[in-house]
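Take a look at the letters that make up each chain.
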Amino acid sequence: MKDEKLQKALARMGLGSRRQMEEVIKAGRVSVNNGPATIGDRVEQGDEIRVDGRQIKYTAENEKRRRVLAYYKPEGEVCSAKDPEGRPTVFERLPKLTHDRWVMVGRLDINSTGLLLFTNDGEMAHRLMHPSGEVTREYAVRVLGEVTPDIARALTSGVMLEDGMAQFEDIKDGGGEGVNKWYHVQLKEGRNREVRRLFESQGLKVSRLLRTRYGTIALPKELRTGRFLELDKKDINTLTDLVSLRPRYGTGLHGAAKEKQERIRNKPLKARRTTDTRSDSRSNSAKPKSSASPASRGTRNTRDRNDKR
């Protein structure tokens, strides 16, 4: 029997979800070995797969090295590969891949910051994002106003939004002075602007939002805005265990790549501003100012010492 089903292979390579790939196959847009593909076809190493005429380099699942990046998204970057308005995107600073692609795990709106995960394993990304996986996301949120006990109960019991019921799994006071208060919240969904909309449903305005954890991965304390770290085998395997995927041979950092990550952990690179994105691609001479975020060193540090907004 051949290695795996075609729709699963295409999803794993980051072309979309399995259901989306089934629709693409039904539409006659996929061929295998120069013949039209059908739902349920199986493929193996050496098969020629094309989508809309473009050849897709197929690597058997157990032969492809699984990789994961942790990226600290700054404000002003868009969570898409390309932006029609020409705004900087989160993909522009990622390392280039050959015959492979980075798949973003979840999204953050343009005004939000914090942890974004990227992987070259489309199936892993799909499982981490799908609501059935119930993967916990944690955020540090600065709110204009106070979350009273009644509001906290409402937010954790469930609120009807325009796209259905939503709720926080947990909400904790994070401190703060004056009218701006910090809170740490957890939820198991990733709907559009869900955290902001939940607070808005109670008449509260979110003035800053930072994702501090996705699943088992917390925002690394040594990571600065606009920078990424590649995860090693132990951290990747905790993520795959979370979504019931088997470990893969060769996963993790090796040789020079491992040494580079150790150097970054011991001596973190300076933060990069959103406006540096394109200048970085043209020149290595830019010298951006360093910036810090109140919760970027873990969810316990919530005082905003460097907020310029």
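Provided above is the structure to which this section pertains.
Residues numbered from 1 in each chain as written. Predicted model: local features only at pLDDT ≥ 70, side-chain atom pairs only at ≥ 80, totals over all residues. Heavy atoms only, no water.

(A) Structural context of the overall build of the chain. A count of helical and extended segments in the chain gives eight helices and 17 strands. Per-residue burial for the chain yields a buried fraction of 47% across its 309 residues. In the chain, the proportion of contacts linking residues at least 24 apart, taken out of those at least 6 apart, comes to 66%. For the chain, the exposed area adds up to about 16,300 Å²; of that, 47% sits on carbon and sulfur atoms. (Helix = DSSP H or I, 4+ residues; strand = E, 2+ residues; numbered from the N terminus. Buried < 20%, exposed > 50% of the residue type's maximum accessible area, 1.4 Å probe, protein only. Contact = heavy atoms within 4.5 Å. Areas by Shrake-Rupley, 256 points an atom, 1.4 Å probe, with all protein chains shown as cover.)

(B) Spotlight on unusual backbone geometry. Of note, the phi angle at R193 is positive, near 55 degrees, even though the residue is not glycine. With respect to the helices, strands and loops of the structure, R193 is situated in the loop between β14 (180–187) and α5 (194–200). Positive phi values are uncommon outside glycine, yet S244 reaches one of about 60 degrees. Relative to the helices and strands, S244 is located in the loop between α6 (233–242) and α7 (255–266). Residue S244 is classed as exposed on the basis of its relative accessible area of 62%.

(C) Representation of the side chain of E230. Residue position: E230 is located in strand β17 (residues 228–230). Among the polar contacts made by the side chain of E230, one reaches the side chain of R67 at a distance of 2.8 Å. With residues near it in sequence (within four places) discarded, E230 still touches R65, R67, V68, L69, L253, Q261 and R265. (Polar contact = N/O pair within 3.5 Å; in protein donor to acceptor, adjacent residues only side chain to side chain.)

(D) Fine view of helix α2 (residues 18–26). Residues of α2 that are buried include every one of M21, V24 and I25, and no others. Buried residues of α2, viewed axially, fall in a sector of 100 degrees; they line one side. For α2, exposure combined with an orientation more than 90 degrees from the buried face picks out R19 and K26. The elements touched by buried residues of α2 are α1 (6–12), β2 (30–32) and β5 (49–51). G28 sits one or two positions beyond α2 and adopts a positive phi of about 80 degrees. (Arc of directions from axis to C-beta.)

(E) Up close: the sheet that holds strand β3 (residues 35–36). The strand order across the open sheet formed by four strands is β3-β2-β5-β6, and the pairing between neighbours is antiparallel. For this open sheet the edge positions go to β3 and β6 (54–56), each flanked by a neighbour on one side alone. Taken together, the three bridges between β5 and β6 define a ladder with antiparallel strand orientation. Paired with V51 across the strands is R54, a residue of β6. (Pairing = 2+ DSSP bridges.)

(F) Quick look at the packing of aromatic side chains. Applying the stated criterion across every chain, the model contains three aromatic pairs. For the ring pair F91 and F118, a centre distance of 5.2 Å and an interplane angle of 75 degrees mean the geometry is edge-to-face. One end of the pair, F91, is in the loop between β7 (68–73) and β8 (103–105); the other, F118, is in strand β9 (residues 113–119), with 27 residues separating them in the sequence. Centre to centre, the rings of F168 and F199 are 5.4 Å apart; their planes meet at 45 degrees, and the pair counts as tilted. Of this pair, F168 sits in the loop between β12 (164–166) and β13 (170–175) while F199 sits in helix α5; the two residues are 31 residues apart in sequence, bridging distant segments of the chain. Neither residue differs from the other here; F168 and F199 are each classed as buried. By way of ring pairs, the aromatic residues Y71, F91 and F118 are connected into one cluster. (Phe/Tyr/Trp six-rings, centres within 6.5 Å; stacked < 30°, edge-to-face > 60°.)

(G) A look at the pairing of β14. By the bridge criterion, eight bridges tie strand β10 (residues 137–144) to β14 in an arrangement that is antiparallel. Directly across from V143, in β14, lies its bridge partner K181. Both β13 and β14 contribute to a ladder of five bridges, which runs antiparallel. What sits directly across from D170, in β14, is Q186.

(H) Structural detail: the pairing of β10. Buried residues dominate β10, accounting for seven of its eight residues. Direction of pairing for β10 relative to strand β15 (residues 205–214): antiparallel, over a ladder of eight bridges. Directly across from Y139, in β15, lies its bridge partner R211.

(I) Main features of the side chain of S207. Residue position: S207 is located in strand β15. Side chain to side chain, S207 and R142 meet in a polar contact 2.8 Å long.

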